[in-house]
Every structure is written in C-alpha cells, then in structure tokens.
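Chain by chain, the residues run as shown.
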Amino acid sequence: MAGKLVKSAVAVGCVASFAVLLAPADLADASAGRIQAEGPKLLVDPQNVLRARAVAPGDRIERTIVLRVRGRGELRVVALAVDATQASLLTDPRQGLRLSLERCSRVWRSPTRAHSYRCRSTRTRLLARGPVLGRRRLSLLLRPGERAYLRLKLRLPARAGNALEHQTSTLVYQFTAATPNER
Amino acid sequence: MGEVSGLAIDDNESMRLSLHKVVVSIAILGVAAAIAGLGTFATFTSTTSATHTIASGTLTLTAPFSRLGTGASPIAAGDTMQRAIDLSYSGSISFSAVTLTTSASPSSLLDTDTTDGLHIVIDKCSVAWTESGPPYTYTCGGSTSSVLASSAIIGSNVALSNLTLTAGSLDHLRATITFPSTAGNTLQNQSSTLTYAFTGTQRAGQSQ
C-alpha cells in the first residue's frame with residue numbers, strides 16, 4: 001500500500017514536470033511520435049540593411065526594419081545588442097557613430113527618395129541616442145501577426161575629425177525576445 | 001506479549017510515519033521539480049539579427065596642375081603675372097566651400113603694402129586654360145567666371161566663389177597677380193615668397 005503511494009507520488013511529480021515542460025510549447029509532428037517544443041520565433045526584415053557610403057561628419061543614416069513573430073504566442077523584445085564584425089573608428093564610443101531607435105505604429109514613410117523617414121501615426125522612442133555599440137534593454141511586446149516598424153537612426157557627430165575619414169564598419173543588430181512569463 | 005504486541009503496534013505506526021514522511025518528501029520533491037521546471041522552461045527566447053555596413057568618405061583637395069610655384073623677377077610697376085592651377089575635389093565627399101589663405105615668407109613691401117603692393121584676381125574657365133609662354137598667359141576656350149575679385153595679395157580664409165566643389169570634379173583656375181602702376185620707388189628691389197593655401201570644408205550633413 002505504502003509502495004503504491006510512493007509510486008503514485010513519483011508519478012504525479014513526473015507528470016507535473018512534463019506538463020510544465022510542454023505547457024508553453026507547440027507540439028509539432030506529434031502524430032509521427034516525435035515531440036518537439038518550439039516557441040515563437042522573432043524575425044527581422046531586412047537582414048541586410050542597406051549600406052551607407054561616403055558618410056561625412058554631421059550625416060544622418062536612417063534605415064527602417066520590421067520585427068515580427070512567427071509561430072504561436074507572443075514575444076517581448078527585451079534587448080538590442082549591437083556588435084561590429086568589422087570595427088573601425090566609426091564605432092569609437094566618443095567620436096564615432098551614435099544610435100537611436102524609434103517605433104512607428106504604422107509603416108515609416110519616406111517623402112523623398114532620400115533615406116529620411118516620417119511617422120504619420122504614433123511614434124515611440126525606444127532608445128535615446130548613444131554610442132552605437134553595446135547592449136541595451138528594450139521592452140516591446142509583439143503579438144502574433146503584429147509587426148514592429150522600427151527606424152534605426154545613426155549619426156556621425158559633426159565634430160568627428162579627419163581621423164574618421166575612409167573608415168568602414170559592419171554592424172550587427174541583434175534583437176533578443178522572450179515569451180512573456182504569465183505565471 | 002502485550003508488550004510485544006504493543007511493540008508491534010508501535011513498529012507499525014513508526015513504519016507508517018516513516019512511509020508518510022517518504023511520501024511527503026517525494027511529493028515535495030515532485031512539486032520542487034515542477035517549480036524548477038517552471039523557472040527553467042517557462043520562458044523561451046528567440047534572437048534575430050541584421051547586418052549593416054557603414055563607410056565614411058574622404059574629403060580630398062589637391063592641385064594636380066599648378067604654375068603658382070613659378071616666380072617672377074624682376075617685376076616693374078604695372079606688370080601682371082598669370083599662373084594657372086587646377087583644383088581637384090578627388091575625395092568621395094563634396095565640399096561646401098573653399099577658401100584661400102596667402103602668406104609671405106620672406107616678406108616685403110610687395111605683400112605688406114595693401115595699396116601699392118601686389119594684388120590678386122582669380123578666374124575660372126569651364127575647360128582647361130590654354131597656356132602659352134613663358135612668360136605664361138592663358139586664354140579660355142569655354143566660359144569664364146570670377147572666383148576672386150581684386151584683393152590685396154595677403155589674405156586669410158578669403159572666400160572663393162563659383163567653384164564646382166562636387167566630389168570627383170575639377171576647377172580650372174587662373175590667378176592674375178598685378179603690381180599696381182601706382183607703386184612708387186619704395187617698392188623697388190623688394191622680394192617676397194608667397195604661399196597659397198586652399199582650404200576646403202565638407203558639405204553640410206545630410207541624410208544617407
């Protein structure tokens with residue numbers, strides 16, 4: 001009798017653990033006997049942001065990107081990390097590029113052919129201007145099917161000197177998202 | 001026996017208590033495992049990234065052709081000297097302005113006398129000046145425009161007009177230096193070595 005109780009308790013413990021494991025996951029291919037936990041994925045478009053050439057001190061580089069969720073469930077974008085696969089003085093924290101990030105509730109529009117974008121709806125500043133490299137916290141909830149229209153704004157300070165001529169940097173913008181913890 | 005029986009009863013109770021403890025412990029372990037599962041697996045993460053290459057340009061002002069280094073001696077009041085220079089905006093960034101600063105070392109009345117000393121005029125030709133000489137003189141086969149009106153030869157950051165200033169382009173300039181006919185005898189036997197410094201400033205910041 002005691003033995004059954006012990007087994008039952010163990011079984012209950014194990015079932016609870018599996019239940020927790022699988023609760024937030026999609027079950028894919030279950031009919032084939034395979035169990036795969038797959039959460040929603042964060043996607044960015046485009047993955048290769050249009051290059052900026054012949055940048056001069058005082059120039060503004062504006063690019064728009066779109067974040068969206070693939071799969072079921074919502075995601076909270078919690079961080080943006082900017083790294084340089086090709087570093088140069090352009091990423092110098094004191095005199096190099098500075099980055100800010102804004103969101104528009106609708107698609108960013110460019111009234112001219114130049115890369116200058118306007119938000120005709122609600123604009124939210126996500127990151128204040130600061131040195132381009134580094135990791136920053138974000139809080140941006142994305143529901144399934146929802147898109148976040150973002151504008152990356154880089155500026156090379158007007159005080160940048162001749163040392164920043166003829167420099168090239170390749171930046172990587174990495175957004176990290178997590179499923180919101182509802183418990 | 002009663003004692004034995006009593007002992008037996010006590011043993012059974014003790015065993016039940018122990019089993020109860022074991023069950024409770026296992027249950028607690030199960031709940032703990034579940035809670036641990038909550039903490040570990042309740043959040044899925046996903047990352048995505050985009051790459052972006054940014055290249056700064058160059059601001060380069062050169063003089064691929066210049067006769068400004070060619071001296072003139074001896075000169076008399078009323079003489080003019082023409083010298084050509086090409087300014088090349090050879091970098092990838094355009095200019096907003098170019099200024100001229102002239103200095104003299106050694107110096108003499110030729111450059112310090114702002115009335116009767118040397119004066120300079122700069123013109124631009126839409127095509128290369130046609131040179132003849134020496135002594136050098138130039139004619140323009142295209143259209144001319146004024147870059148600098150008559151000024152004393154020494155000046156600091158003097159603005160130049162009508163320059164192209166576009167990256168990759170070239171301006172064909174002609175400097176005409178005049179020794180005024182009003183110059184008196186005090187300007188005889190004077191000698192100055194002039195340095196011409198053209199300084200360019202980049203265009204204003206813009207959206208890229």
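## Considering the overall build of chain B
Here is step 1: Assigned secondary structure in chain B consists of two helices and eleven strands.
Here is step 2: Listing every helix and strand of chain B by position from the N terminus yields α-β-β-β-β-α-β-β-β-β-β-β-β.
Here is step 3: Here chain B holds 208 residues, and the buried ones make up 23% of them.

## Side note on the overall build of chain A
Here is step 1: Tallying secondary structure elements over chain A gives one helix and eleven strands in all.
Here is step 2: Walking chain A from its N terminus toward its C terminus, one meets helices and strands in the order α-β-β-β-β-β-β-β-β-β-β-β.
Here is step 3: For chain A, buried positions account for 26% of its 183 residues.
Here is step 4: A separation threshold of at least 6 residues defines the contact pool for chain A, and within that pool the share at least 24 residues apart is 77%.

## Considering the pairing of strand S3 (residues 80–89) of chain B
Here is step 1: Examined bridge by bridge, strand S2 (residues 61–66) of chain B and S3(B) share four bridges and lie antiparallel to one another. In the strand pairing of S3(B), Thr62(B) is matched with Ser88(B).

## Describing the sheet that holds strand S9 (residues 158–159) of chain B
All names here are of chain B.
Here is step 1: In spatial order, the strands read S9-S4-S11; together these three strands make up an open sheet with antiparallel pairing. The open sheet has two edge strands with one neighbour each: S9 and strand S11 (194–202).
Here is step 2: In the sheet, strand S4 (residues 95–104) pairs with S11 via nine bridges, with the strands oriented antiparallel. Note that in S11 the partner of Ala104 across the bridge is Leu194.

## Examining the environment of Pro93(A)
Residues and elements named next belong to chain A.
Here is step 1: Along the chain, the position of Pro93 falls in the loop between strand S6 (75–86) and strand S7 (98–104).
Here is step 2: The class of Pro93 is exposed, set by 12 C-beta atoms lying within 10 Å.
Here is step 3: Through-space distance from the C-alpha of Pro93 to that of Gly130 is 8.4 Å; in sequence the pair is 37 residues apart.

## Here's the deal with the environment of Ser191(B)
Residues and elements named next belong to chain B.
Here is step 1: Looking at where Ser191 falls in the secondary structure, it is placed in the loop between strand S10 (170–178) and S11.
Here is step 2: Judged by C-beta crowding, with 13 C-beta atoms within 10 Å, Ser191 ranks as partly exposed.
Here is step 3: As a C-alpha pair, Ser191 and Ser108 span 83 residues in sequence and 5.9 Å in three-dimensional space.
Here is step 4: What Ser191 contacts, discounting residues up to four positions off in sequence, is Pro106 and Ser108.

## With respect to the nonpolar core
Here is step 1: With 31 residues, the main nonpolar core has Leu42(A), Leu67(A), Leu97(A), Leu99(A), Leu154(A), Phe175(A) and Ile54(B) as its most contacted residues.
Here is step 2: Listed by contribution, the elements that provide at least two residues to this core are strand S4 (48–55), strand S5 (60–70), S6, S7, strand S10 (147–155) and strand S11 (168–178) of chain A.
Here is step 3: The residues touching Leu42(A), leaving out its near neighbours within four places in the chain, are Leu67(A), Val69(A), Leu75(A), Val77(A), Phe175(A), Ala177(A), Ser46(B), Thr47(B) and Thr48(B).
Here is step 4: Among the nonpolar cores identified, the runner-up in size contains 27 residues, and Leu87(B), Val98(B), Trp129(B) and Tyr138(B) belong to it.

## A few points about the pairing of S10(A)
Residue and element names in this part refer to chain A.
Here is step 1: With nine bridges connecting them, S5 and S10 associate as antiparallel partners. For Glu62, the partnering residue across the bridge sits in S10 and is Lys153.
Here is step 2: Both S7 and S10 contribute to a ladder of seven bridges, which runs antiparallel. Of the residues in S10, the one forming a bridge with Leu101 is Leu152.

## With respect to the confidence of the model for chain A
Here is step 1: Per-residue confidence for chain A gives a mean pLDDT of 83; residues scoring 70 or more make up 78%.
Here is step 2: Between residues 1–31 of chain A, whose pLDDT stays under 50, and residues either more than four places distant or in other chains, the model counts 46 contacts.

## Considering unusual backbone geometry
Only a minority of non-glycine residues have a phi that is not negative, and only a minority of peptide bonds are not trans.
Here is step 1: Of note, the bond from Asp45(A) into Pro46(A) is cis; its omega dihedral lies within 30 degrees of zero at -5°.
Here is step 2: Within the secondary structure, Pro46(A) sits in the loop between strand S3 (41–45) and S4.
Here is step 3: A cis amide bond links Gly133(B) to the next residue, Pro134(B), at an omega of 10°.
Here is step 4: Residue position: Pro134(B) is located in the loop between strand S6 (130–132) and strand S7 (137–139).
Here is step 5: Its identity as a non-glycine residue notwithstanding, Ala54(A) has a phi of 50°, on the positive side.
Here is step 6: Inspection of the secondary structure assignment puts Ala54(A) in strand S4.
Here is step 7: In this structure Ala54(A) comes out as partly exposed when scored by C-beta crowding, with 17 C-beta atoms within 10 Å.
Here is step 8: Of note in the backbone geometry, His166(A) takes a positive phi value of approximately 55° without being a glycine.

Calculation rules
- Residues numbered from 1 in each chain as written.
- Chains lettered and ligands numbered in written order.
- Predicted model: local features only at pLDDT ≥ 70, side-chain atom pairs only at ≥ 80, totals over all residues.
- Helix = DSSP H or I, 4+ residues; strand = E, 2+ residues; numbered from the N terminus.
- Buried ≥ 20, exposed ≤ 12 C-beta atoms within 10 Å, placed from the backbone.
- Contact = placed C-beta atoms within 7 Å.
- Pairing = 2+ DSSP bridges.
- Core = buried A, V, L, I, M, F, W, Y, C linked by C-beta atoms within 7 Å.
- pLDDT = per-residue confidence, 0-100.

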